[in-house]
Amino acid sequence: MGAPLTRPADRALSRPRRRPLAAVAALAALLAVGAGVLVDLATPAPRPADAPADQFSAARAYENVQVIAARPHVAGSAANDQVREHLVGVLRGLGLETEVQDTVAPEAGQLSGTAGGATLARVRNVVARLPGTDSTGRVFLVAHYDSVQSGPGGNDDAAGTSSILEVARALTAGPRPRNDVVFVLTDAEEACLCGASGFAADHPLARDGGVVLNLEARGSTGPVIMFETSRNNAKLVDVFGRAAPHPVGTSFAVEIYRALPNDTDFTAFLDHGFVGLNSAYIDGGAVYHSPLDTPAAMDRGSLQMHGDNALGLAREFGRTDLRDLRSGHDDTYFPVPGGLVRYPGWLALPLALLALVAVGALGWLLVRRGRATAWTLVGGVGLTLVPVVVAPLGAWLLWTTITTIRPRYAELLDPYRPVWYRLAVVALAAAVLFAWYVLTRRRFGPAALAFGGLAWLALFGVLLAAAVPGGAYLTTLPALAGAAAGLAALTTRQDGPWPVVAVTLAGAVAVVILLPTVVLLFPALGMAMGAVAALFAVLLGLAALPVVDLLHPQAGGQRGLGALRARRLGAVPAVAAALAAVVLAGVGLAVDRFDAAHPVPTHLMYALDADTGEARWLSHEGDPQPWTDGYVNGTVDVSDEFPGLGDGELRAGPAPAANLPAPKVELLSDTEAADGDRRIRVRIVPQRPVRLLSLHLNGDALGSGGLSAATVAGRSVDVADLRSLGFVFHAPPPEGVEVDLTFDASGNKLRLRAMDASDGLDQLPGFRPRPADVGIVGSHSSEMLAVAKTYEF
């Protein structure tokens, strides 16, 4: 802490001459470190199509992106069939053993939780194998080739699929790996993760498990982040840090993702005992699952980064002994310029406690050396909570104000051009921190305030170590570095260079650790959660307080006008940062306007009740956009009429009845089981091309014994886990799906509510085309048209 924690009046006169040079040097050092961090997070330049054969080329991969994402290709569609034929042709053209796994599989994770009941799909996975020379196990490169119905999936997941095709080409161009490498391009990921579930559970190549590298995208740009691992990941992370050319990943992201109700194909593999790593790029989230997710929207640098990492990891795992990859612990890890820092996760709590002790020792020495009193230290700790609370609150109020001005942001994961808003949040956090420091510094002193910041960092470290150990490094290491710097500053010559060097090094540690977190939290959580990024921005500022104090103008031994002038000068950064926040937010509003290239997202569905002949427009929009408002004028609970379209109330309005045939339910058999239960077999057959079928039964038809057994398309369903009495089947074959139910027959008459759904609202009567600046929200139910009918048996 050195110069900031000052000394007596005999040194005060010399400090004004030394401080400007020290401040400029310290600031330049931190800016250089920050620039290095940002450069390390940047995507690499895409390699051209004539790159060496053993390298990954984004240009070559992009040629496959254009074929895969030429148009939407939802599971079961003719367009998806064409994509699959292309994939098979490419892999067989490389000389790989290639097959199509055609099966019925249940969902993984909870993607279809709102549909109720069991979720299944007919899936057709493309599987190819590169045999190893002396295999110790299998390495699986996984991506899904289907898209949502509302967009072509240029990034999600043509990026992952094309990356795997290019990795397969590069691997076949060189010497064969030691281990088998299996390329798994899954179907029906968007619907239910069913392709991955079917492969992991049933395919012979998956029987012995292995290492999975899953490639995803949830946006259109940004660095590829390794955001999820299997448990006990130490050896996996070691390989990632050594073999991935661009190792961006943090144990904090893994902890957060494990706690969220989000799933990818990786979930299915984890459920079946595989180990591995899950990676994605996530910035540019406005295009996610929307018609704008086209090949043209893709950042080729992100594609290059995806492929570089996948190829490097495939080669390393391809030559590694895979029989012992399950370490006994998780690692703590985070990126630094040029690599990845990692250490055993079990050190999280000891390090956090050590940081707390070190900060306590610093406080004791501050009092002993007369740089602060016990009361000013207590005051510093208490006052430090002000920016910790106010900055996130201010960020939340800022975004609330922006969305009040522009309510159409509500349906977007992130604005189309979010950078101005992100900078505004950071500027606001800086304004709060500077204003707080100027108002409190004179009364409590820089030493007490710096101590308060370090104390809270250390306390947060202990809390994180107990709750989310993989995230404890975020505050533990800056607290430990800051305490060490303070102790060094107090035990060296105060007018020498070492105190400034010490606090600058501690500030650099905070920048390296916390700046990537601030940068990556914005796309990870979206602007609606910008308050979280603001919190970490303030924590970064608190860790760098001694360097901040070098920039603070000193009044020296002056009083009166001199001191007042110094305080006014000290307020300049706070005022400038506050003005910057306002200006940046204003620029964001001016720049990020909705237009034909960046349309307002809207959600609309159509539902026809074939029993009554009544139809409705439906929307998930809580506060309908003007275009949607022309269709819906009230609310309705559709959970009984159209189970599978949503739980609870949706916005609704009357619609003209279209000439759409309802799904047909054919009774195949109705018998009494040996124990007196009723067993009924039916087939639900779509009467038009659809992407899903559903069948739900009334609970009052089941006696006290309930539903005892169910089979859908030959696949047994665990009735004990049913969230409701029914199922949803994606990508059904034209001949329909057979359902076998066994239940206690002592209840009321059995009613089966059959529903099917397709896409294409623009073909319906009463549909008014969207204006050029009105688009479709990224959603699995956007543009869906459903028809339902009840059958009694």
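The structure displayed is predicted, hence computed values, not measured ones.

1. Points about a nonpolar patch on the surface
Together, L349, L353, L356 and L459 make up a nonpolar patch on the protein surface, roughly 290 Å² of accessible area in all. The element contributing the most residues to the nonpolar patch is helix α12 (residues 348-368), with three residues. Mapping L353 onto the fold places it in helix α12. For L353, a relative accessible area of 42% corresponds to the partly exposed category.

2. Thoughts on the pattern of salt bridges
On inspection of all chains with the given rule, the structure shows 35 salt bridges. The closest approach of N and O atoms between R124 and D81, which form a salt bridge, is 3.7 Å. In this pair, R124 is assigned in strand β2 (residues 118-130) and D81 in helix α4 (residues 78-93), connecting sequence segments 43 residues apart. Exposure remark for R124: the relative accessible area of 12% places this residue in the buried category. Residue D81 is classed as partly exposed on the basis of its relative accessible area, which comes to 23%. Notably, a salt bridge pairs R319 with E316, separated by 3.0 Å at the nearest N-O pair. A residue pair is termed a helical-turn pair when its members lie 3 or 4 positions apart in one helix, as R319 and E316 do in helix α11 (residues 300-319) at three residues. Taken together, the salt bridges that share partners define one network made up of D238, R242, E316, R319, D331 and R342.

3. Some thoughts on the side chain of R138
Considering the arrangement of structural elements, one finds R138 in strand β3 (residues 138-144). Here D180 takes part through its side chain, which lies 3.4 Å from a polar atom of the side chain of R138.

4. Quick word on the confidence of the model for the protein
On average, residues of the protein score 92 in pLDDT, and 94% of them are at 70 or above. Confidence drops under a pLDDT of 50 for residues 1-18, and excluding neighbours within four residues, the segment shows 37 contacts in the predicted structure.

Reading the values: the criteria
Residues numbered from 1 in each chain as written. Predicted model: local features only at pLDDT ≥ 70, side-chain atom pairs only at ≥ 80, totals over all residues. Heavy atoms only, no water. Patch = residues over 30% accessible without salt bridge, like charges linked within 9 Å, V, L, I, M, F, W, Y side chains within 5 Å. Areas by Shrake-Rupley, 256 points an atom, 1.4 Å probe, with all protein chains shown as cover. Salt bridge = Lys/Arg side-chain N within 4 Å of Asp/Glu carboxyl O. Helix = DSSP H or I, 4+ residues; strand = E, 2+ residues; numbered from the N terminus. Buried < 20%, exposed > 50% of the residue type's maximum accessible area, 1.4 Å probe, protein only. Polar contact = N/O pair within 3.5 Å; in protein donor to acceptor, adjacent residues only side chain to side chain. pLDDT = per-residue confidence, 0-100. Contact = heavy atoms within 4.5 Å.

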